[in-house]
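Residue-level structure breakdown
The residues making up each chain are set out below.
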Amino acid sequence: MRLRTQLLVINAASIALLIAAVVASHRMMLLNLSQEHLLTIITVSAGVLSSVAYWVMTIPISNSVKRLIGFAEQVGEGQLEDGPIHQSGPYEVRQLTRSVQEMKERMQSNLHQLEIMEKTRRELIANVSHDLRTPIASIQSFVEALQDGVIDDYETSQAYLRTIHREARRLNSLIDDLFELSKLEAGQEAFHPVPSHLDQMIIEVLDSYSVRIHEKMLRVHVSVSDDIPVLHLMPEKISRVLNNLVDNAVRHSPENGLLEIEVRMSSRADFVEVMIRDEAEGVSGEDVKRVFERFYRVDKSRNRGSGGSGLGLAIARSLVELHGGTIGVRIPSGKSQGSEFWFTLPVYRG
Ligand SMILES: Nc1ncnc2c1ncn2[C@@H]1O[C@H](COP(=O)(O)OP(=O)(O)OP(=O)(O)O)[C@@H](O)[C@H]1O
Ligand SMILES: [Mg+2]
């Protein structure tokens, strides 16, 4: 039975009981006839009034409940896009509607998050497959050519073997990067810092790029301010960050370009800031945020000449965050071209 009908039946029953009591009182000579009439009229009028009041008061309650039922049915059908649920009726009903509205908004945002995660997962699988398939296909075709015996001169077969070796190395480093990133994202990378000298690490990284720097005739400036303390960090991890930032800067720099590395105390107390500036095409707009996403490359064709897999900066970000620092990119101040990749590292004061 509906709520409204139930209330009306209970009201009618209590009026009938009151009238029966008035009639019984008259029979038992407790009331005279005119008193009986007066009390009956009052009881019937009160009954009519309360029935009308019940009827009117239950309209907003019943409308709100209908709206909530409609909402529950929509959720059941997977529709969450409609606007806010109209709130009316007594305080408790409006509060219930508000709670349901909040639940709907949370469900909308969770659904949106799930959609983004699903899209990211699909992109990740597509990118991993693409980047794994390319070197494998290349290795396969060179091995087949060597097996077929169509290559009879020594020089060509050596060139083929070198390509196979290079592609196998590329595959290996991609798998290493994926493994490192998944360990970092799962929080499984242990943090064992040791006292380290940043300037020493910068020299070693630059040393390993000396041939490419020379080939591109890059001008390199390094400046490390005097007040940089010994830092507590994992040297091989921070070297990996520096390595990727220098690798990117060297790869993207034009010939004769200027490559600057600066280390100074950050304006935020107890942090050291490292900056790597170049005169390349720079990173702008939406790319500023997205370059740190795994597999993100500005060059959407994923041309292997202009970049790697797009994992380097994602790994760098996770490693810097593991050390309690932050990383970003901006346009170098006072310049209209190039980019300045920066990261901070906390100073440990034991
Ligand atoms: N110094 C830079 N100048 C211009 N663009 C850059 C620079 N550094 C990075 N980028 C852009 O950001 C993208 C992501 O960089 P990231 O280091 O993550 O990947 P990658 O260098 O392409 O590959 P990987 O580092 O995995 O070998 C690059 O593909 C490039 O488009
Ligand atoms: Mg890189």
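In what follows, the accompanying structure is described.

Bringing the overall build of the chain into the picture now. Per the secondary structure count, the chain includes 9 helices and 7 strands. In terms of overall size, the chain is more extended than a compact globule, its C-alpha atoms giving a radius of gyration of 38 Å where 350 residues would be expected to give roughly 20 Å. Principal-axis analysis of the C-alpha atoms places the extent of the chain at approximately 130 × 65 × 40 Å. For the chain, with 350 residues in total, the buried portion stands at 33%. Taking contacts inside the chain between residues at least 6 apart in sequence as the whole, the part at least 24 apart equals 68%. When the accessible area of the chain is evaluated, it comes to approximately 21,400 Å², of which 58% is carbon and sulfur surface.

This part takes up the coordination of the magnesium ion (ligand 2). In this structure, Asn-244 (OD1) and Asn-248 (OD1) serve as the protein donors to the magnesium ion (ligand 2), at separations of 2.2 to 2.3 Å. With Asn-244 and Asn-248 both in helix 7 (residues 235-252) and 4 residues apart, this pair spans about one turn of that helix. Exposure class is identical for Asn-244 and Asn-248. Each is buried.

A few words now on the pairing of strand 5 (residues 271-278). In terms of burial, strand 5 is a largely internal element, 8 of the 8 residues being buried. Burial along strand 5 is two-sided: Phe-271, Glu-273, Met-275 and Arg-277 facing one way and Val-272, Val-274, Ile-276 and Asp-278 facing the other are all buried. Pairing analysis gives 6 bridges linking strand 4 (residues 258-265) to strand 5, with the strands arranged antiparallel. Note on strand 5: the bridge partner recorded for Val-263 is Val-274. Counted along the chain from strand 4 to the antiparallel partner strand 5, the turn is 5 residues long, and its residue Asp-270 has a positive phi close to 70°. Note: strand 5 against strand 7 (residues 339-346), 8 bridges, orientation antiparallel. Within the sheet, the bridge partner assigned to Met-275 lies in strand 7 and is Trp-342.

What counts and what doesn't
- Residues numbered from 1 in each chain as written.
- Chains lettered and ligands numbered in written order.
- Predicted model: local features only at pLDDT ≥ 70, side-chain atom pairs only at ≥ 80, totals over all residues.
- Heavy atoms only, no water.
- Helix = DSSP H or I, 4+ residues; strand = E, 2+ residues; numbered from the N terminus.
- Rg over C-alpha atoms; globule rule 2.2 N^0.38 Å.
- Buried < 20%, exposed > 50% of the residue type's maximum accessible area, 1.4 Å probe, protein only.
- Contact = heavy atoms within 4.5 Å.
- Areas by Shrake-Rupley, 256 points an atom, 1.4 Å probe, with all protein chains shown as cover.
- Donors = N, O, S within 2.8 Å, 3.2 Å for Na, K, Ca; no water.
- Pairing = 2+ DSSP bridges.

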